[in-house]
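Analysis of the macromolecular model
One letter stands for each residue in the lines below.
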Amino acid sequence: LQKYGLKPKDIVFEITEKESVGDINLLNERINRYKEKGFEVAIDDLGSCYAGLSLVCEIAPKYMKLDRTLIRQVASNHSRTLLIKNLVDYANSMNIKIIAEGIETKEDLDALIKLGIHYGQGYFISMPMEEPSEVEDAIHKMIVVNNIKKNSMLNYRINQFYIKQLSIQGISVSKEVKVEQLLA
C-alpha cells in the first residue's frame, strides 16, 4: 500500500453477484478480516442474479452496485422505480452507498437523482476510459441543477448532491496482481 500511497480505506473489494458463493461463512469470515483492517467491500451487479439481497445482509457492504438491468428504463418503469426507491431507503438506513451502473439516458439519470442514488456510471455520463477523467461540463451542470431542484422541493437547506462523485482519482491494477502484493 505504501508503494502506491494508499490507505486500506482506498481499496474496495468487489464481490460480484454473478459468481457462485460456495461457502458464505468462509467468504464472510474473510471479508470481515479485511473490513477490520479498514478495507471496504462492494457488491457488484446487484439485481442480476438470485442471491444478491441475502448476500447484502450477510456481507454488510459499504457499497451496492445496482446492475444495469435494474437501471435501464427506470424513468418509465414504475416497478423498477419502486424497487430502487426501497433499495435506497434500505441503503440509507444501513449506511451503504448505492452505485447505479449503466445510466444511458438523461431521463434515467434524472429519475435516479430524484430517487436519491448516491453515485452513478454509464455511457450517458462518460464512456469507459483507462484513466479516471472529469465528467463533461454539461453533464455535471445537469446533475448539479437536478440535485438543487430535488433539494429545494424537499425543502432541504443543504447542498447535498446524490450522484456527487462520478469520477474520482484512482489506480487500476490488472487481475493478475494478487491482493497480497498490494498490501505489501
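Structural notes, computed from the coordinates.

Quick notes on the rules
- Residues numbered from 1 in each chain as written.
- Predicted model: local features only at pLDDT ≥ 70, side-chain atom pairs only at ≥ 80, totals over all residues.
- Heavy atoms only, no water.
- Helix = DSSP H or I, 4+ residues; strand = E, 2+ residues; numbered from the N terminus.
- Buried < 20%, exposed > 50% of the residue type's maximum accessible area, 1.4 Å probe, protein only.
- Contact = heavy atoms within 4.5 Å.
- Areas by Shrake-Rupley, 256 points an atom, 1.4 Å probe, with all protein chains shown as cover.
- Phe/Tyr/Trp six-rings, centres within 6.5 Å; stacked < 30°, edge-to-face > 60°.
- Salt bridge = Lys/Arg side-chain N within 4 Å of Asp/Glu carboxyl O.
- Core = buried A, V, L, I, M, F, W, Y, C linked by side-chain atoms within 4.5 Å.

Here we take up the overall build of the chain. Each helix and strand in the chain was counted, giving seven helices and five strands. Classification of the 184 residues of the chain by burial places 35% in the buried group. Counted over contacts in the chain with a minimum sequence separation of 6, partners at least 24 positions apart contribute 60%. A total accessible area of about 11800 Å² is found for the chain, and carbon and sulfur atoms account for 51% of it.

With that out of the way, let us pick up the packing of aromatic side chains. Using the criterion set out here, one finds four aromatic pairs in the structure. An angle of 85° between the planes, with centres 5.9 Å apart, marks the rings of Y34 and F39 as edge-to-face. When its relative accessible area of 6% is taken as the criterion, F39 is described as buried. An aromatic cluster of at least three residues, connected via ring pairs, comprises F13, Y34 and F39.

Take the pattern of salt bridges next. The full count for this structure, using the stated rule, is five salt bridges. Between K65 and E101 there is a salt bridge whose closest N-O contact spans 3.5 Å. With K65 in strand β3 (residues 63–66) and E101 in the loop between β4 (97–100) and α5 (106–115), this residue pair connects regions lying 36 residues apart in the sequence. As far as burial versus exposure is concerned, K65 and E101 are alike and both buried.

Before going further, it helps to spend a moment on the nonpolar core. By size, the foremost hydrophobic cluster in this structure holds 32 residues, and its most contacted members are L66, I84, I98, L112 and I117. For this core, the secondary-structure elements that each account for two or more residues are β2 (40–46), α2 (52–59), β3, α3 (68–71), α4 (78–94), β4, α5 and α6 (137–153). It is α5 that contributes the most residues to this core, five residues altogether.

These results come straight from atomic positions and should not be treated as a statement about function.
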